[in-house]
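Structural overview
In case you want the letters, here they are:
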Amino acid sequence: MNSDPVIAVDGLTRRFGDVVAVDGLTLEIYPGEVFGFLGHNGAGKTTTVRLLNGLLAPDGGTVRVLDLEPLNDGPALRRHTGVLTETPSLDERLTGRENLEIYADLYGVPRTEVASRIESLLEGFELAHRADEKAGTYSKGMKQRLALARALLHEPDILFLDEPTSSLDPVGARRVHELITRLSQEQQRTVLLCTHNLAEAQKLCGRVAVLEQGRLVALGTPAELARRLGRSQRLEIDVAPEHVPAALEVLEARLGVTDPAQENGTITVIGAERETIPDLVTLLVGAGVRIYGITPQEPSLEDVYFALHGEEVRG
Amino acid sequence: MNWRAVRAVVRKDLKVVLQNKGVSMPMIVVPLVILVALPALAAFAPALQSMPGTPFAGLDNFIGGMPAGLRAELAGLDEAQMMVVLVLVYMLAPMFLILPLMVASVIAADSFAGEKERKTLEALLYTPTTDGELFLAKLLSAWLPALGVAWCGFILYSVVANLAAWPTMGKIFFPNLMWLILAVWVAPAVAGLGLGVTVLVSVRAQGFQEAYQLGAIVVLPILLLVIGQATGVMYFNTWLVLLLGLLFWVVDLLILWYGGRTFRRQQLATQM
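Counting restarts for each chain, with residues numbered from 1 along the sequence as it is written. Ligands are numbered from 1 and chains lettered from A, in the order in which they are written. Local features in this predicted model are restricted to residues of pLDDT 70 or higher, and side-chain atom pairs are both shown and tallied only at a pLDDT of 80 or more, whereas totals for entire chains, interfaces and linings draw on every residue. The side-chain values count all of the structure's non-hydrogen atoms but skip hydrogen atoms and water molecules.

Think of it this way: side chains of opposite charge can pair up when their charged atoms draw near. Take a side-chain nitrogen of Lys or Arg and a carboxyl oxygen of Asp or Glu: if they are within 4 Å of each other, that pair is a salt bridge. This structure, assessed with the given rule, holds 21 salt bridges over all chains. Between Glu122(B) and Arg50(A) there is a salt bridge; the shortest N-O distance is 2.9 Å. Here Glu122(B), found in helix H8 (residues 121-125), pairs with Arg50(A), found in helix H1 (residues 45-52), and the two come from separate chains. Both residues of the pair, Glu122(B) and Arg50(A), count as buried. Here Asp131(B) ties to Arg265(B) by a salt bridge, and the two come within 2.7 Å at their closest N and O atoms. Here Asp131(B), found in helix H9 (residues 131-169), pairs with Arg265(B), found in helix H14 (residues 265-269); they are 134 residues apart in sequence, far enough to count as distant. A run of DSSP states H or I qualifies as a helix once it reaches four residues; a run of E qualifies as a strand once it reaches two. Both are numbered from the N-terminal end. Only protein chains enter the accessibility calculation, which uses a 1.4 Å probe. A residue is then buried if its area is under 20% of the maximum for its type, exposed if over 50%, and partly exposed in between.

Between chain A and chain B, the residue contacts involve 35 residues of the former and 32 residues of the latter. Take the accessible area each of two parts loses on contact, using a 1.4 Å probe, and add the two losses: that sum is the buried area. Taken together, the two surfaces of chain A and chain B that pack against each other cover about 3000 Å², and 55% of this comes from carbon and sulfur. It is Leu55(A), Arg93(A) and Leu106(A) that lose the most area in chain A upon contact with chain B, and together they represent 25% of the buried surface on that side. Of the charged contacts, one joins Arg4(B) and Asp105(A) as a salt bridge, the two residues approaching to 2.8 Å between their closest N and O atoms. Contact criterion: two residues are considered in contact whenever any of their non-hydrogen atoms come within 4.5 Å of each other.

Our focus in this paragraph is the confidence of the model for chain A. Any region with low pLDDT has predicted coordinates that should not be read closely. Per-residue confidence for chain A gives a mean pLDDT of 87; residues scoring 70 or more make up 96%. At the level of individual helices and strands, chain A shows its lowest average pLDDT in helix H11 (residues 301-308) of chain A, which scores 74, and its highest in helix H3 (residues 96-106) of chain A, which scores 96. The pLDDT value tells you how sure the predictor is about a given residue, anywhere from 0 up to 100.

The next point concerns the packing of aromatic side chains. Two rings from Phe, Tyr or Trp (for Trp, the six-membered ring) form a pair when their centres are within 6.5 Å of each other. A pair whose planes differ by under 30 degrees is stacked, one over 60 is edge-to-face, and the rest are tilted. Tallied over the full model, the rule gives 13 aromatic pairs over all chains. On the basis of an interplanar angle of 40 degrees and a centroid distance of 6.4 Å, the ring pair of Tyr103(A) and Tyr107(A) is categorised as tilted. Residue Tyr103(A) shares its accessibility class with Tyr107(A), and that shared class is buried. Ring centres of Phe174(B) and Trp179(B) lie 4.9 Å apart, and the angle between their planes is 65 degrees; this geometry places the pair in the edge-to-face category. For the pair Phe174(B) and Trp179(B), a shared accessibility class is recorded, and that class is buried.

Now for the environment of Lys143(A). Residue and element names in this part refer to chain A. Tracing the chain through its elements places Lys 143 in helix H5 (residues 140-152). The exposure class of Lys 143 is buried, given its relative accessible area of 15%. Between the alpha carbons of Lys 143 and Thr 87 there is a distance of 9.3 Å; along the sequence they are 56 residues apart. Every residue in contact with Lys 143, bar those within four places of it in the chain, is listed here: Pro 88, Leu 90, Glu 92, Ala 135, Gly 136 and Tyr 138.

This part takes up the packing of helix H2 (residues 21-42) of chain B against helix H7 (residues 93-117) of chain B. Residue and element names in this part refer to chain B. Contact geometry for H2 and H7: axes closest at 10 Å, N-to-C directions at 175 degrees. Accordingly, the angle class assigned to the pair H2 and H7 is roughly antiparallel. Contacts from Val 23, Pro 26, Met 27, Val 30, Pro 31, Ile 34, Leu 35 and Leu 38 of H2 reach H7 at Met 95, Phe 96, Ile 98, Leu 99, Met 102, Val 103, Val 106, Ile 107 and Asp 110. Residues of the contact of H2 with H7, tallied by class, amount to 16 nonpolar, no polar and 1 charged. Angles here are taken between N-to-C directions and fall from 0 to 180 degrees, while the axes themselves are lines fitted to C-alpha atoms, restricted in helices to the stretch in contact. Each angle is binned into one of four classes, with values under 35 degrees roughly parallel, values over 145 roughly antiparallel, values of 65 to 115 roughly perpendicular, and all other values oblique. Three categories are distinguished: nonpolar for Ala, Val, Leu, Ile, Met, Phe, Trp, Tyr, Cys and Pro, charged for Asp, Glu, Lys and Arg, and polar for the others, with Gly belonging to the last.

With that settled, consider the pairing of strand S7 (residues 190-195) of chain A. Residue and element names in this part refer to chain A. Across the 6 residues that make up S7, a large majority, 6, are buried. Burial along S7 is two-sided: the face carrying Thr 190, Leu 192 and Cys 194 and the face carrying Val 191, Leu 193 and Thr 195 are both buried. Each pair of strands is called paired provided DSSP finds at least two bridges between the two strands. Inspection of the sheet shows strand S3 (residues 34-38) paired to S7 by 5 bridges, in the parallel sense. Note that in S7 the partner of Phe 35 across the bridge is Leu 192. In terms of strand pairing, strand S6 (residues 158-162) meets S7 through 5 bridges, oriented parallel. Paired with Ile 158 across the bridge in S7 is Thr 190. Taking the sense of rotation as the criterion, the β-α-β connection linking S6, helix H6 (residues 170-185) and S7 turns out right-handed. We call a crossover right-handed when, viewed with both strands directed away from the observer, the connection leading from the first strand over the helix to the second proceeds clockwise.

With that settled, the discussion passes to empty space enclosed by the protein. Two kinds of site are reported from a 1 Å grid over the protein atoms alone, namely cavities, where a 1.4 Å probe fits but cannot get out, and pockets, open sets with protein on both sides within 12 Å along at least five of seven lines, and residues are called lining when an atom falls within 4 Å of a point. Grid points are joined across faces, edges and corners, and a volume is the space filled by probe spheres set on the points. For the coordinates displayed, the defined rule picks out 2 cavities of 30 Å³ or more. A volume near 70 Å³ is recorded for the largest cavity. The wall of the largest cavity is formed by Ser111(B), Phe112(B), Lys116(B), Leu121(B), Leu124(B), Leu125(B), Leu134(B), Lys138(B), Ser202(B), Val203(B), Phe263(B) and Leu268(B). Within the residue set of the lining of the largest cavity, elements represented by two or more residues are H7, H8, H9 and helix H10 (177-204) of chain B. Looking at the lining of the largest cavity residue by residue, the class counts come to 8 nonpolar, 2 polar and 2 charged. In this model, the second largest cavity occupies a volume close to 50 Å³. Val83(A), Tyr103(A), Tyr107(A), Arg150(A), Ala151(A), Ala123(B) and Tyr126(B) are the residues that line the second largest cavity. Residue composition of the lining of the second largest cavity, by class: 6 nonpolar, no polar and 1 charged.

In structure tokens form, the structure reads like this:
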């Protein structure tokens, strides 16, 4: 990375009684990155976000965010960060517009821009038609969109998103994905994404950190993590179900593949590269196997995640 | 101090409180009972004079048992007027203090503990407000309406008391200096007391009901004043209310100083 990190954490530790919620976390996040925080519930993701915003005091280690120290420079820092919390945290007795107006004042949005920004966000998140109704009457997805609008109201440099698409329908989720990509690529804003949605993380995040019981167990791009864990490309070979035994025989005899995963005529060969496909086709056809397709698959973040957590990788 | 942010939190809290019937209804009903129904009923107090078994049946004995200062203040009035003045000026005076106390406690419980319960606190903590601004805003959210209710209530009570007692008194006799001091000096301090105690309780309470119930203990000093005056142990006069006000202000400052020291984002965030 060429530029200075916007978030630099070294040995960050936070305990709650005997429980170590964040255990010696060290990482750097750079401007414009979409950085994924992955981990089970209780892995320390939300606690880390709170530490990075000065809501919690660390028990050990150092944190710098936008070159500020969150605990001592909290108010100055929080002017430049926006947070979408796990629950929308909206005042449900207020209207959608009132929710935004109050937070515009709290974040110090210039008075002359408040109305136009709110209108633009309400339009952008398709909430304008319900803007003057109480937020408590909104659907889960609408509440999530309103909370997201609130997080963006003051145009933060760093956006912390905790499960941003958890309550959204596929169309809504896609729009949020596009928004995240736009914020990162066009506006150079940094996005820290806490998610359980591994496909979402794979699609959006340049790098990910995998946390387990507060410890950082992996950090890097999904491809780097896969390589580090020995997870290589795999081929999915789709053959006629009655020809599976013949195909397995060829794979074992010619490629040394023993006991590959197979399901409904699809055989998965781990470790086979894309370049082997022509020879493989020749061998299988020569053995009389009817082939419907051979698809090379990159190792997914899901593979990596489950491997890191010592669980069986699906597929 | 970021006054724009402070005003935003006050505005938000007041809007939320007014939308909550469980919170706003007591703030309407209790003042109506204390400030309208009770003084209106007091207009009938002279009629009780002839009824056996009431303290008023032997008013002379009753007044005779009261402190000398009170007897001196009632001197020169006929029995019916004495009864009206006794009830409207003295007996109901400590009851009036329940209003700012209750309003401040209810709103503070909703504003601090209720916010935790509704899970809206987290978003507020992520804003650039300082701990001091948040604390001040939360205090003002409860104190200003309590003050408003107390002062509006005082004006309402003055009107109702004079109207209700007109047939007996034949003149505008209310408020006297003691009541003015009560409204301007003591009521804000009592509101501060209700607020301070509820804030201390709310920091640890998980919800509105818990905070409100625990904070209700603060009504005890006011009840003691009511009982003390009804039994003739003491009576409200100008010097006593000045002193009471001073005492409440000192307690307020101590509680708020302690509350301000313990009101920390980091403390609140650990409870979310």
